[in-house]
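Residue strings, one per chain:
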Amino acid sequence: MLGLHRFNEADAGAAEEALLACCGSHRWALRLTAHRPYPDIESLLAAASEASYDLRPADLAEALADESWMPQPLLGMRAPGSQAAHTALRAAHAAYEARFGHVFVVCLEGVAPEEMLDIVLTSIRTRLTNDPDEERLIAADELRRIALTRLEHLVATHSAPAAR
């Protein structure tokens, strides 16, 4: 993990690489890299949120495509639950991808593991009824929330000055 100071001082390539792990849009990562240094985590998160709102459709598609390459099982599959529930979740993921052309994203920050399966399954089923334009807006906001959570984790641990 990078602290805020290390993030601010990193060369542009390293900073961009770290940001791409938070959100797969190169435009988003380049924008945040170019506006360094950030005085505090709140400023960085505000800039990241603003950059997320400015993503063009191609940038959003790039970030969503990057989510499909994440080395993890389908969202919710590690959560405790019955085999039938996991089968329903796999089917819902497949239906979502077939309808919208990208992986399902939802921010699960703060959700207890025992609630994840139900929340993901309910969210997918609800969002499958959306029209593509409405779903693109919802997916963009969920991706923004995920990116902010990842970014906060990236810089929060080592941002405080060392005690003497």
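These figures come from a predicted structure and were not determined experimentally.

A. Just the side chain of S123, in detail. Following the sequence through the fold, S123 ends up in helix 7 (residues 113-127). Sequence-distant contacts of S123, that is, excluding residues within four places in its chain, are made with F104 and V106.

B. Quick look at the packing of aromatic side chains. Inspection of the entire model under this criterion finds three aromatic pairs. Here the aromatic rings of F7 and Y38 are separated by 6.4 Å at their centres, their planes lie at 25°, and the arrangement is stacked. One end of the pair, F7, is in helix 1 (residues 4-9); the other, Y38, is in the loop between helix 3 (26-34) and helix 4 (41-53), with 31 residues separating them in the sequence. We classify Y38 as buried; its relative accessible area is 7%. With a centroid separation of 5.1 Å and 85° between ring planes, the pair formed by Y96 and F104 is classed as edge-to-face. As far as the burial class goes, Y96 and F104 line up, both buried. Here the aromatic residues Y96, F100 and F104 are joined through ring pairs into a cluster of three or more. The residue whose ring lies beneath R36 is F7, and the NZ or CZ to ring-centre distance is 5.7 Å.

C. Geometry of the pattern of salt bridges. Within this structure, the stated rule accounts for nine salt bridges. The shortest N-O distance in the salt bridge between R27 and D59 comes to 3.2 Å. Here the residue R27 occupies a position in helix 3, and D59 occupies one in helix 5 (residues 57-68), the gap between them amounting to 32 residues. Residue E142 is joined to R145 by a salt bridge in which the shortest nitrogen-to-oxygen separation is 3.2 Å. Of the two residues, E142 and R145 are both situated in helix 8 (residues 132-156); the distance of three residues between them amounts to about one turn of the helix. What makes E142 buried here is its relative accessible area of 11%. If you follow the salt bridges from partner to partner, you end up with R27, R56 and D59 in one network.

Here is what the cut-offs are and how they apply
Residues numbered from 1 in each chain as written. Predicted model: local features only at pLDDT ≥ 70, side-chain atom pairs only at ≥ 80, totals over all residues. Heavy atoms only, no water. Helix = DSSP H or I, 4+ residues; strand = E, 2+ residues; numbered from the N terminus. Contact = heavy atoms within 4.5 Å. Phe/Tyr/Trp six-rings, centres within 6.5 Å; stacked < 30°, edge-to-face > 60°. Buried < 20%, exposed > 50% of the residue type's maximum accessible area, 1.4 Å probe, protein only. Lys NZ or Arg CZ within 6 Å of the ring centre and 35° of its normal. Salt bridge = Lys/Arg side-chain N within 4 Å of Asp/Glu carboxyl O.

By themselves, these observations are geometric and do not establish any function.
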